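# Coordinate analysis (summary)
Chain by chain, the residues run as shown.
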Amino acid sequence: MAKVDASVMEIDENSNGNRINPKFSINVLLLLKSAQMQHGLRHRDYTRYRRYCTARLRRLYKSLKFTHGRGKFTRKAINESTVTEVRFLHVVLYMAERAWSHAMEKRQLPDGPNARQRIYLLGRLRKAVKWATLFAQLCAVKGDSRTSLEAEAYASYMKGTLLFEQDKNWETALVNFKNARAVYEELGKYGSVENQVLCRERVEELEPSIRYCLHKVGKSSLQTSEFLDIGEMDGPALDLFRAKLETVMAEERSQQAASMTEFYWLGHKFPISNSKTRVSILKAQELEKDLHGPVTDSLPSEKRLAMFDKLFSAYHDARSCIRNDLVAAGNAENVKDDLNGLDKAVSAVLGQRTIERNQLLVAIAKSKFTKNRDDKSEKITKPEELVRLYDLLIQNATDLSDLVSSGRDRKPEEVAFVEELALKVLVFRAERCFFLAKSYSSAGKRAEAYALFCHAHSLTDTAVQKLQFANNPDEALIKDLRALSYNCRSNSCIEHATGIMEEEKIPERLSKGVSTISLTGQQKKEEKFLLDMLDIYESAVGEANSKAHPRIERFPPPFQSVPCNPIILDNVFSSIEFPSLENKMKKDKKGLFGRLWG
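Residues numbered from 1 in each chain as written. Predicted model: local features only at pLDDT ≥ 70, side-chain atom pairs only at ≥ 80, totals over all residues. Heavy atoms only, no water.

## Side note on the overall build of the chain
A count of helical and extended segments in the chain gives 18 helices and four strands. Across the 598 residues of the chain, 39% fall into the buried class. Across the chain, contacts joining residues at least 24 apart in sequence account for 64% of those joining residues at least 6 apart. Within the structure as shown, the chain displays about 37,400 Å² of accessible surface, and the carbon and sulfur contribution to it stands at 53%. (Helix = DSSP H or I, 4+ residues; strand = E, 2+ residues; numbered from the N terminus. Buried < 20%, exposed > 50% of the residue type's maximum accessible area, 1.4 Å probe, protein only. Contact = heavy atoms within 4.5 Å. Areas by Shrake-Rupley, 256 points an atom, 1.4 Å probe, with all protein chains shown as cover.)

Pasting the structure below:
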């Protein structure tokens, strides 16, 4: 922020060099955008940005020696006579930013602000309007023409934001937003390229709020549901618009849910009595329409995954409401049967969407798997990751089949659905087997890879035959399976040939390895190490751009021949004649008869 502050704190002096009427220059949009992106708003962390504004104000007060005294707090007023430096204008600007970020922090609460928090939120927005208006007044007197224009646009945006949150005076809010847009459109034609880009981004952020105000005053033919596409844009100026839009959509869902009394699934009709359950199911059905719409294929994968997450959240909310009703139902068997059937139907739909989401993940992984291996800009998918995804798909399809088959009296729609799931499981198994074979092939296990490719080819042919005899065969899926069958066949031939070639080369590699065995551990290419050539000036570190390690000393050190201890063989021992020792041996004493007969 030091560079930004230094760049925007320029002072225009008159031609005589005196400082009687200084004109300060602040690039308001650049200053705020840089502060917001560096301190939390890149991730919509308004708490962090509010704390930054507080710390920034503390530093400004201290550097300006504009503290409010010790003991009792008495705020010093900032007026035209007080503004002798550009930093006084920064104080007023950051006061407005702190109040605005505090209001937005309350707006981002998980369950939304309650009545008391909403009163506090509006109070902080009024405070932000007050400081923004003061900032525009001071810049009109103390700032140059560009700074004054930017300050007016900033104040108009704050006034429009307050009226937007209050849900009243839509005409006045529209005028303020249009004034801000007109200023930024004009400023976007001049200045540096960075400033022009920021002004255009600001105009794009203001456009949804203007269109919503036009819709409220009856000057636009757009429906409320069409604003959802506008709300997908990014930017701190759109967070309030998104929150307001979600509130309006929730109200419309509540009105539509009043007419929704039943949930249809595979020929069954389940009554819905709980209003919260109806609202959650209606929200999920709206998201399903967006997911299966004609424009969905052009959306990036990240947005489609985010839509799936919202869909899962809506269905989970519906299941939670249903199970709470089951607990409260008590011994009412008819009510419990209806609720159990509704819970089963919602769980089955949730399982279907889970399979669709995992299929999208497989499509993303496949696109990365087939990329050029030399392209290191993006991570390449390993075959093991695809094997794991197909394991999930097989498990999801099996669980869904078990759930649908759990009833006693099954309708023809349920039987057909279970058969369709069995075909999907067969296709998933063929795909999984193919990528498992790829995994063994990359590990150099030719025999295992060949066997798996042959098995995948067999599974693929079986799946193609079953799909052709189905009631509504999917031609695109059959075409993909035939391509997979061809790949399995070609890869099995490649693995077979590669395995034979490697078998033929084994004796050659063995003989070559035996011929190069050395007790000293030296390679054919003699490497020079630093400790071996201390008396020669030659680098052992390697080139700067190479990945070679410095050659200081061999590690582990090579084997060296060392002298063994001498072997002593005692061959003289058997030919030595030792002297007789009988005269030195102790004689035994004999008794009386022994002496007589001795």
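## Regarding the environment of Val86
Relative to the assigned elements, Val86 resides in helix H4 (residues 86-107). Owing to a relative accessible area of 6%, Val86 belongs among the buried residues under this scheme.

## Considerations on the pairing of strand S4 (residues 268-271)
Of the two faces of S4, the one holding His268 and Phe270 is buried and the one holding Lys269 and Pro271 is not buried anywhere. Relative to S4, strand S3 (residues 262-265) is paired through four bridges, and the arrangement is antiparallel. Bridging from a neighbouring strand, Trp265 pairs with His268 of S4. Here S3 folds back onto S4, and the loop between the two strands holds two residues, one of which, Leu266, carries a positive phi near 50°. (Pairing = 2+ DSSP bridges.)

## Notes on a nonpolar patch on the surface
The grouping of Leu530, Leu531, Leu534 and Ile552 at the surface amounts to a nonpolar patch, some 360 Å² of accessible area in total. Within the secondary structure layout, Leu531 lies in the loop between helix H17 (475-515) and helix H18 (592-597). For Leu531, a relative accessible area of 45% gives the class partly exposed. (Patch = residues over 30% accessible without salt bridge, like charges linked within 9 Å, V, L, I, M, F, W, Y side chains within 5 Å. Salt bridge = Lys/Arg side-chain N within 4 Å of Asp/Glu carboxyl O.)

## Examining the pattern of salt bridges
Taken as a whole, this structure holds 18 salt bridges when the rule is applied. Put simply, Glu165 and Arg118 hold a salt bridge, and the shortest N to O gap is 2.3 Å. Pair noted here: Glu165 is in helix H6 (residues 145-166) and Arg118 is in helix H5 (residues 115-142), with a separation of 47 residues, a long-range link. A residue is classified by how much of its surface remains accessible, and Arg118, at 26% relative accessible area, is partly exposed. Taking the shortest distance from any N to any O, the salt bridge between Arg446 and Glu502 comes out at 3.3 Å. One end of the pair, Arg446, is in helix H16 (residues 446-468); the other, Glu502, is in helix H17, with 56 residues separating them in the sequence. Here the residues in one salt-bridge network are Lys33, Arg202 and Glu205, joined through shared partners.

## Focus: unusual backbone geometry
For Asp167, which is not glycine, the phi torsion reads 60° and is therefore positive. Relative to the elements of secondary structure, Asp167 occurs in the loop between H6 and helix H7 (170-187). Residue Asp167 is classed as partly exposed on the basis of its relative accessible area, which comes to 42%.

## Focus on the packing of helix H11 (residues 275-291) against helix H12 (residues 301-329)
Contact geometry for H11 and H12: axes closest at 8 Å, N-to-C directions at 160°. Comparing their axes, H12 and H11 come out roughly antiparallel. Of the two possible hands of crossing, H11 and H12 adopt the one that is left-handed. Residues Lys276, Thr277, Ser280, Ile281, Lys283, Ala284, Leu287, Glu288, Asp290 and Leu291 of H11 form the contact with H12, whose own contacting residues are Arg304, Met307, Phe308, Lys310, Leu311, Ala314, Tyr315, Asp317, Ala318, Cys321, Ile322 and Asp325. The residue inventory of the contact of H11 with H12, partitioned by class, reads twelve nonpolar, two polar and eight charged. (Axes fitted to C-alpha atoms, helices over the stretch in contact; angles between N-to-C directions. Parallel < 35°, antiparallel > 145°, perpendicular 65-115°, else oblique. Left-handed = near helix turned anticlockwise from the far one by under 90°. Nonpolar A, V, L, I, M, F, W, Y, C, P; charged D, E, K, R; others polar.)

## Thoughts on the packing of helix H15 (residues 412-442) against H16
One way to put it is that H15 packs onto H16 with a least axis distance of 8 Å and a crossing angle of 160°. Here H16 runs roughly antiparallel to H15, going by the angle between their axes. Here H15 runs over H16; the crossing is left-handed. In the contact of H15 with H16, the residues fall into 16 nonpolar, four polar and five charged.

## Here we look at the environment of Val362
On the secondary structure map, Val362 appears in helix H13 (residues 333-369). In sequence terms Val362 and Tyr390 are 28 residues apart; their C-alpha atoms lie 7.8 Å from each other. Val362 has contacts with Leu386, Leu389, Tyr390 and Leu393, leaving out every residue within four places of it along the chain.

## Focus: H17
Relative to the 60 Å expected for 41 residues at 1.5 Å per residue, H17 spans 59 Å between its end C-alpha atoms, a close match to the ideal helical length. Residues Ile478, Leu481, Leu484, Ser485, Cys488, Asn491, Ser492, Glu495 and Gly499 constitute the buried set of H17. The inward-facing, buried residues of H17 contact H15 and H16. (Expected span 1.5 Å × (residues − 1).)

## Focus on H12
Its 29 residues give H12 an end-to-end C-alpha distance of 42 Å, which sits within 8% of 42 Å, the value for a rise of 1.5 Å per residue. Just downstream of H12 lies Gly330, where phi reads positive at about 70°.

## What to know about the side chain of Glu288
Looking at where Glu288 falls in the secondary structure, it is placed in helix H11. A distance of 2.6 Å separates a polar atom in the side chain of Glu288 from a polar atom in the side chain of Tyr315. (Polar contact = N/O pair within 3.5 Å; in protein donor to acceptor, adjacent residues only side chain to side chain.)

## Some remarks on the nonpolar core
Core analysis: the biggest nonpolar cluster contains 68 residues, and Trp100 and Phe135 have the highest contact counts within it. When contributions to this core are tallied by element, the ones reaching two or more residues are helix H2 (28-38), helix H3 (46-64), H4, H5, H6, H7 and helix H8 (193-216). With 13 residues, H4 is the single largest residue contributor to this core. Each residue touching Phe135, except ones within four places of it in the same chain, is listed here: Val28, Leu89, Val92, Leu93, Ala151 and Tyr154. (Core = buried A, V, L, I, M, F, W, Y, C linked by side-chain atoms within 4.5 Å.)

## Side note on the side chain of Asn358
Take Asn358: it is sitting in helix H13. Not counting residues up to four positions away in its chain, the partners in contact with Asn358 are Leu392, Leu393 and Asn396.

## Digging into the packing of aromatic side chains
Summed over the entire model, instances satisfying the criterion amount to 17 aromatic pairs. Taking 6.3 Å as the distance between ring centres and 45° as the angle between the ring planes, the aromatic pair formed by Tyr390 and Phe428 counts as tilted. Of this pair, Tyr390 sits in helix H14 (residues 383-404) while Phe428 sits in helix H15, placing them 38 residues apart in sequence. Phe428 sits in the buried class, given a relative accessible area of 5%. Ring centres of Phe434 and Phe435 lie 5.2 Å apart, and the angle between their planes is 80°; this geometry places the pair in the edge-to-face category. For the residue pair Phe434 and Phe435, the accessibility class agrees, reading buried in each case. Among the aromatic residues, those joined into a ring-pair cluster are Phe369, Tyr390, Phe428, Phe434, Phe435 and Phe453. Its guanidinium or amino end placed over the ring of Trp131, Lys130 lies 5.4 Å from that ring's centre, counting from NZ or CZ. (Phe/Tyr/Trp six-rings, centres within 6.5 Å; stacked < 30°, edge-to-face > 60°. Lys NZ or Arg CZ within 6 Å of the ring centre and 35° of its normal.)

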